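Now for the letters of each chain:
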Amino acid sequence: MITFPKTLLDGYRSFRTQRLPTEQSRYRELSERGQSPEVMVIGCCDSRVSPEVIFDAKPGELFVVRNIANLVPVYAPDGGAHGVSAALEFAVQVLGVKHIVVLGHAQCGGIRAFIDKIAPLSPGDFIGRWMSMFIKPGEIVEQREHETMQDFATRIEKAAVLRSLENLMTFPYVQILVERGKLKLHGAYFGVAEGSLFVLDKATKEFRSVKENEGIVSSE
Ligand SMILES: [Zn+2]
C-alpha cells in the first residue's frame, strides 16, 4: 500500500480534470521544445507566497527558486555546493532569462527569526547560517527607537530584497548583462493579508503599490 498526502492527491485530480485539459497542448509543446521562461523569480519558501499564483503564471512562464527569506548569496566560486547560485547560472546562462525578480513578503518567518534572534538561530544550525548572509561583516541590524516590532520586520523584509539585488550584481555574468541592458533586475514585495503587490523603485529604494498604479509601467 502506497500512501501519499490526501490534499495532494485531491489537488492533482482537480488539476487533471480542470487545468490540464485547457493546457494540455501547452504542456506537450513545452515538452517537445523545452522551456524558455523570460522571468526568473527568487522568492521565499513561505507557503502563502507562491509566485505562480501571485503572477497567475502558466506552465513554462516562470523559472522559480525559493529559499528562506528570498536571499541571494554573494558570488562565491569556492568549491562549495550553492543551490541558488546554480539556479541563477542556469536561468541566466542557459535559459537566457530577461528579468530576475526578487520577491519579498510580509510576515516572513525567516526574517522574524533573524531579528528576534530566537533559539534555533544558534551558530551551528542551518537557518542561522543561511540568514547570516543577509548582513555584511560589521553591519548591525537593530530596531530603531519608536519603531514597532512590525515596522522593524517590514523594514528588514524590504531590506532583504535590496540586499539580494545587490548580491545578484556580484555575479560577473549578471553584472555584464545588466550593464548591456539584456537583463533587468527587479524587487517586489507581497502583502499576504491583502494580496497586495509592491514594486521597488530603485531610484528612491521605496516600494510602490501596483494596485494604486504608482507610476509603474509594464515592459517586455
Ligand atoms: Zn518568508
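Presented here is an overview of the structure given in this document.

So, how was this worked out
- Within each chain, residues carry numbers counting from 1 in the order of the written sequence.
- Per-residue local features of the predicted model are confined to residues with pLDDT of at least 70, and side-chain atom pairs are confined, for both listing and counting, to 80 or more; whole-chain, interface and lining totals are unaffected and use all residues.
- For side-chain calculations, the full set of non-hydrogen atoms in the structure is used, while hydrogens and water are omitted.
- Put plainly, a pocket is an open set of points on a 1 Å grid over the protein atoms alone with protein on both sides within 12 Å along at least five of seven lines, a cavity is a set where a 1.4 Å probe fits but cannot get out, and a lining residue has an atom within 4 Å of a point.
- Grid points are joined across faces, edges and corners, and a volume is the space filled by probe spheres set on the points.
- Only DSSP runs of H or I covering at least 4 residues are called helices, and only runs of E covering at least 2 are called strands; the numbering of each starts at the N terminus.
- When residues are grouped by polarity, Ala, Val, Leu, Ile, Met, Phe, Trp, Tyr, Cys and Pro land in nonpolar, Asp, Glu, Lys and Arg in charged, and all others, Gly among them, in polar.
- Only nitrogen, oxygen and sulfur atoms within 2.8 Å of the metal, or 3.2 Å for Na, K and Ca, are treated as donors, and water is left out, so sites may look incomplete.
- Each residue is placed in one exposure class: buried if its accessible area under a 1.4 Å probe, protein chains only, is under 20% of its type's maximum, exposed if it is over 50%, and partly exposed if it falls in between.
- By definition, residues are in contact when any of their heavy atoms lie within 4.5 Å.
- All axes are obtained by fitting lines to C-alpha atoms, using only the stretch in contact for helices, and the reported angles, taken between N-to-C directions, cover 0 to 180 degrees.
- Handedness of a crossing follows from how the near helix is turned relative to the far one, being left-handed for an anticlockwise turn of less than a right angle and right-handed for a clockwise one.

Topic: the layout of surface pockets
Here the largest pocket is characterised by a volume of approximately 940 Å³. As for the largest pocket, its lining consists of 29 residues, of which Val-101, His-186, Val-217, Ser-218 and Ser-219 are closest to the centre. Every element with two or more residues in the lining of the largest pocket is listed here: strand S1 (39-44), strand S3 (99-105), strand S4 (184-191) and strand S5 (196-201). Here the lining of the largest pocket takes 5 residues from S4, the largest share from any one element. Its residues assigned to classes, the lining of the largest pocket comprises 14 nonpolar, 6 polar and 9 charged. For the second largest pocket, the calculated volume is near 410 Å³. Contributing to the lining of the second largest pocket are 18 residues, with Ala-159, Leu-162, Arg-163, Glu-166 and Lys-205 lying nearest its centre. Ranked by residue count, the leading element in the lining of the second largest pocket is helix H6 (residues 149-168), at 8 residues.

A look at the coordination of the zinc ion
Within the first shell, the zinc ion binds the protein through Cys-44 (SG), His-105 (NE2) and Cys-108 (SG), at distances of 2.0 to 2.3 Å. Every donor residue of the zinc ion comes from the same chain, spaced as C-x60-H-x2-C. With respect to burial, His-105 and Cys-108 carry one shared label: buried.

Let's talk about the environment of Met-169
As for its position among the elements, Met-169 is in the loop between H6 and helix H7 (172-179). Discounting chain neighbours no more than four positions away, the residues touching Met-169 are Val-174, Gln-175, Val-178 and Leu-185.

Thoughts on the packing of helix H4 (residues 109-116) against H6
Two elements in contact, H4 and H6, have axes separated by 10 Å at closest approach and are oriented at 115°. Where H4 crosses over H6, the two elements pack in a sense that is right-handed. Note on element contacts: H6 touches H4 through Met-149, Phe-152, Ala-153, Ile-156, Glu-157 and Ala-160, opposite Ile-111, Arg-112, Phe-114, Ile-115 and Asp-116. When the residues that make up the contact of H4 with H6 are grouped by side-chain class, the tally is 8 nonpolar, no polar and 3 charged.

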